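# Overview (structure and organization)
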Amino acid sequence: MSVDTGPLRHTLQTQLRQHTEELAVLAAAGTEPGSAGEDPDTIGARTAAARQAIEEISAALSRLTAGSYGSCERCSGPIPAARLEILPHARFCVPCQARGR
């Protein structure tokens, strides 16, 4: 792959750390009703979103380690660098993403 993965790895690691910290705050808020100023449904939705982000980012970091990062999981073609800069955990190229999974 012709993309410099160093900055993307750093971005992914930063995002992983941020979402992990957010999840810890939300977990604490979930045990103390009203502590975050949000209702339980909102805390639940934010918790689910943080968990999904952690899963997607962890998978992208695994692909980096395995050497498959930047390749579309559907067609095996390259994912453009511009797409990875915008969405570093992207698993599909734009045409495959548009077709659905």
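The rules we used
Counting from 1, residues in each chain are numbered in the order their sequence is written. Confidence filtering applies because this is a predicted model: local features only for residues at pLDDT of at least 70, side-chain atom pairs given and counted only at 80 or more, and all residues used for totals across whole chains, interfaces and linings. Working from all heavy atoms in the structure, the side-chain values ignore hydrogens and water. Only DSSP runs of H or I reaching four residues or more are called helices, and only runs of E reaching two or more are called strands; each is numbered from the N terminus. Whether two residues are in contact is decided by their heavy atoms, any of which lying within 4.5 Å being enough. Residue types Ala, Val, Leu, Ile, Met, Phe, Trp, Tyr and Cys, when buried and joined through side-chain atoms within 4.5 Å, form a set referred to as a nonpolar core. Under the scheme applied here, a residue whose accessible area is under 20% of the maximum for its type counts as buried, over 50% as exposed, and between as partly exposed, the area being computed with a 1.4 Å probe on protein chains only. When the sulfur atoms of two cysteines come within 2.5 Å, that pair is taken as a disulfide. A pair is scored as a salt bridge if a Lys or Arg side-chain nitrogen falls within 4 Å of a carboxyl oxygen belonging to Asp or Glu. Positive: Lys, Arg. Negative: Asp, Glu. His and the chain ends are not part of the count.

### Some points on the environment of P78
Within the secondary structure layout, P78 lies in the loop between α2 (40–66) and α3 (81–86). Taking C-alpha positions, P78 is 8.8 Å from F92, a pair spaced 14 residues apart along the chain. In this structure, P78 is in contact with G70 and C93, ignoring residues within four places of it in sequence.

### Some thoughts on the nonpolar core
Judged by nonpolar contacts, the single largest core of 14 residues is most densely connected at L12, L61, L64, Y69, C72, L84 and C96. When residues in this core are grouped by element, the largest group, four residues, is from α2. Those residues within four positions of L12 in sequence are excluded, and the remaining contacts are I57, A60, L61, L64, Y69, P88 and H89.

### Observations regarding the state of the cysteines
The tally for this structure, following the rule as stated, stands at zero disulfides. Between C72, a cysteine without a disulfide, and C96, which holds the nearest cysteine sulfur, the sulfur-to-sulfur distance is 3.7 Å. Residue C75 stays outside any disulfide, its sulfur separated by 3.8 Å from that of C72, the closest cysteine.

### Details of the pattern of salt bridges
For the coordinates displayed, the defined rule picks out three salt bridges. Between E73 and R63 there is a salt bridge, and its shortest N-O distance comes to 3.6 Å. Highlighted residues: E73 in the loop between α2 and α3 and R63 in helix α2, separated in sequence by ten residues. For R63, a relative accessible area of 10% puts it in the buried group. Here R91 makes a salt bridge to E73, at a shortest N to O gap of 3.0 Å.

### What to know about the side chain of R83
Along the chain, the position of R83 falls in helix α3. An unpaired buried charge is present at R83: no salt bridge exists, and E56, the closest side chain of opposite charge, is 10 Å distant. With sequence-adjacent residues up to four places away left out, R83 is seen in contact with A90, F92, C93, V94 and Q97.

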